[in-house]
Amino acid sequence: MQRRLLRGLAGALLTLLCMGLLSLRYHSGLFPQGVRVTPKPSPPSPGPPELQMHDIFIAIKTTWAFHHSRLELLLDTWVSRTREQTFVFTDSSDEGLQERLGRHLVVTNCSAEHSHPALSCKMAAEFDAFLASGLRWFCHVDDDNYVNPRALLQLLATFAPARDVYVGRPSLNRPIHASEPQPRNHTRLVQFWFATGGAGFCINRKLALKMVPWASGPRFVDTSTLIRLPDDCTVGYIIECKLGGRLQPSPLFHSHLETLQLLGAAQLPEQVTLSYGVFEGKLNVIKLQGPFSPEEDPSRLEVRTHPEAPWKKDLAICFRKVTAMETLWSSSTLQTWGLHEPELIRQHLIGYVRPCSKLFPDQFL
């Protein structure tokens, strides 16, 4: 009985060995001798999709006192072309604004004062709203900024998605210093760069998520109180001192702290943000020529909509002529501000822009 069992096992093993040799001989005949067969590499994983305007969260910080004098100008101009991704953060309810903006008006519980705690309170609300949105970029601007959406998108698209990005314009030509409290009543002097909120700045989501331990919820105000500096400085402190990041300075952001007259008209289409203000009783504005007086348009930044043709109905644009440009009724300029069919627009709206014909004599006379 045992002999039969052993013979059976030996026969089975011999059969398996022969099958293995035959299989090896067969497969070796398919490929030349000495050629190693490697598996096909798997296709590379697709990267993030191309950045679009709807990937950007734009936060405007304002206060009740400027709802009419500043904010309405923005709503009538650049915000009308970035409405879906723009949110206004203020300190008081406003029925008129609520009707125009709907859920894009965020009434915070912050004070209307221009103090460090009040400013940091609003910045914290902006930051938390961005985190909840799931969007790829957070951009903060003030209510006296004019944003060029196309230039903004072009700038942000240049940064690699794998990078931590903090981009804006420093208002100082040196790092700022702060005293960081330490245990046992000691302090440590730290220095860092920050982008001024008055010119606007942007942070990508990858970096923003790293800021959460110091910036989300009440922690942003706590961090601001700790270093006794306002909101924009606090952002720089968190990124550079806590995370070891660095500000990417950009000359394309502008605030009222600059001498804006030095900005050439031919440079305007490439700028990301512009601004205006008053210094020593004089307007600090970009020099632009046009049919609107400084009293009518003190910011010198407004792209007017003719009253006879509402923006959403006819897109009748009365562009201001900029010195050093032959005409603003050009394809490149119209596309800069979000319009892509200038000839079609001109044919449909020529009757509405007669008051502006002196700006475009070659086109309308």
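Anything mentioned here points back to the structure above.
Residues numbered from 1 in each chain as written. Predicted model: local features only at pLDDT ≥ 70, side-chain atom pairs only at ≥ 80, totals over all residues. Heavy atoms only, no water.

Trainee: Account for the overall build of the protein chain, with residues named and values stated.
Mentor: When you go through the protein chain residue by residue, the secondary structure sums to twelve helices and 15 strands. A fraction of 65% describes how many contacts in the protein chain between residues 6 or more apart in sequence connect residues 24 or more apart. Here the protein chain displays about 20700 Å² of accessible surface, and carbon together with sulfur accounts for 57% of that area. (Helix = DSSP H or I, 4+ residues; strand = E, 2+ residues; numbered from the N terminus. Contact = heavy atoms within 4.5 Å. Areas by Shrake-Rupley, 256 points an atom, 1.4 Å probe, with all protein chains shown as cover.)

Trainee: Hey, could you go over the nonpolar core for me, with residue numbers and the actual values?
Mentor: By size, the foremost hydrophobic cluster in this structure holds 35 residues, and its most contacted members are I56, I60, W78, W137, L152, L156 and V167. Elements represented by at least two residues in this core include exactly β1 (56–61), α2 (67–76), α3 (95–101), β4 (137–142), β5 (145–147) and α5 (149–156). Here this core gets four residues from one element, more than from any other, and that element is α5. When sequence neighbours within four positions are dropped, the list of residues in contact with I60 reads L71, L74, W78, V79, T86, F87, V88, F89, V141, D142 and D143. In this structure, F130, Y166, V190 and F194 belong to the second largest nonpolar core, which totals 33 residues. (Core = buried A, V, L, I, M, F, W, Y, C linked by side-chain atoms within 4.5 Å. Buried < 20%, exposed > 50% of the residue type's maximum accessible area, 1.4 Å probe, protein only.)

Trainee: Got a sec to walk through the state of the cysteines? Specific residues and values, please.
Mentor: Applying the stated criterion across every chain, the model contains two disulfides. In this model, C110 is linked to C121 through a disulfide, with the two sulfur atoms separated by 2.0 Å. One disulfide, between C110 and C121, carries an S-S torsion of -75° and so falls in the left-handed class. A residue pair is termed long-range when its members are at least 10 positions apart, and C110 in the loop between β3 (105–107) and α4 (116–133) and C121 in helix α4 qualify at eleven residues. Of the residues examined, C121 reaches a relative accessible area of 24% and is grouped as partly exposed. Shown here is the disulfide that connects C139 with C202, its sulfur atoms set 2.1 Å apart. The sign of the 110° torsion about the S-S bond sets the C139-C202 disulfide as right-handed. On the criterion of sequence distance, the pair formed by C139 in strand β4 and C202 in strand β9 (residues 201–204) is long-range, its members being 63 residues apart. (Disulfide = S-S within 2.5 Å.)

Trainee: Pulling in residues and values, what's your account of the packing of α4 against helix α6 (residues 205–215)?
Mentor: Think of two packed helices as two axes; the pair is described by the angle between the axes and how far apart they sit. α6 packs onto α4 with a crossing angle of 130° between their chain directions and a minimal axis gap of 11 Å. Taken together, α4 and α6 sit at an angle that is classed as oblique. Taken as a pair, α4 and α6 cross one another with a handedness that is left-handed. Between α4 and α6, the contacting residues are F127, D128, F130, L131 and S133 on the first element and R205, A208, L209, M211, V212 and A215 on the second. A class-by-class count of the residues in the contact of α4 with α6 yields eight nonpolar, one polar and two charged. (Axes fitted to C-alpha atoms, helices over the stretch in contact; angles between N-to-C directions. Parallel < 35°, antiparallel > 145°, perpendicular 65-115°, else oblique. Left-handed = near helix turned anticlockwise from the far one by under 90°. Nonpolar A, V, L, I, M, F, W, Y, C, P; charged D, E, K, R; others polar.)

Trainee: Let's hear about unusual backbone geometry: which residues, and what values?
Mentor: Despite not being glycine, N185 has its phi angle at roughly 60°, a positive value. Its location among the elements puts N185 in the loop between β7 (176–182) and β8 (186–192). The exposure class of N185 is exposed, given its relative accessible area of 79%.

Trainee: Any details on the pairing of strand β2 (residues 86–90)? Residues and values, ideally.
Mentor: Extensive coverage of β2 is indicated by the burial of five of its five residues. Here β2 shows no split at all, with T86, V88 and T90 on one side and F87 and F89 on the other all buried. Alignment of β1 against β2, held across four bridges, turns out to be parallel. Across the sheet, the residue bridging to K61 is F89, located in β2. Read from β1 through α2 to β2, the crossover connection turns out right-handed. Of the pairings in the sheet, the one linking β2 to β3 comprises three bridges and is parallel in character. When the sheet's bridge partners are listed, V88 is paired in β3 with L105. This β-α-β element, β2 to α3 to β3, shows right-handed connectivity. (Pairing = 2+ DSSP bridges. Right-handed = clockwise from strand over helix to strand, strands pointing away.)

Trainee: Outline the pairing of β4, listing residues and values.
Mentor: For β4, the buried fraction is high: six of the six residues fall into the buried class. Going residue by residue along β4, you find W137, C139 and V141 tucked away on one face and F138, H140 and D142 tucked away on the opposite face as well. As defined by bridge partners, β1 adjoins β4 across six bridges and the pair is classed as parallel. Counterpart to K61 in the pairing with β4 is D142. The pairing of β4 with β9 spans four bridges and is classified as antiparallel. By the bridge assignment, H140 is partnered in β9 with F201.

Trainee: How would you sum up the sheet that holds β1? Please name residues and give values.
Mentor: With respect to topology, seven strands assemble into an open sheet ordered β3-β2-β1-β4-β9-β6-β10, the strand pairing being mixed. Only two strands of the sheet have a single partner each, and these edge strands are β3 and β10 (248–249). Lying on the sheet, helix α8 (residues 231–242) is in contact with β1, β6 (166–168) and β9; it crosses β6 at an angle near 145°.

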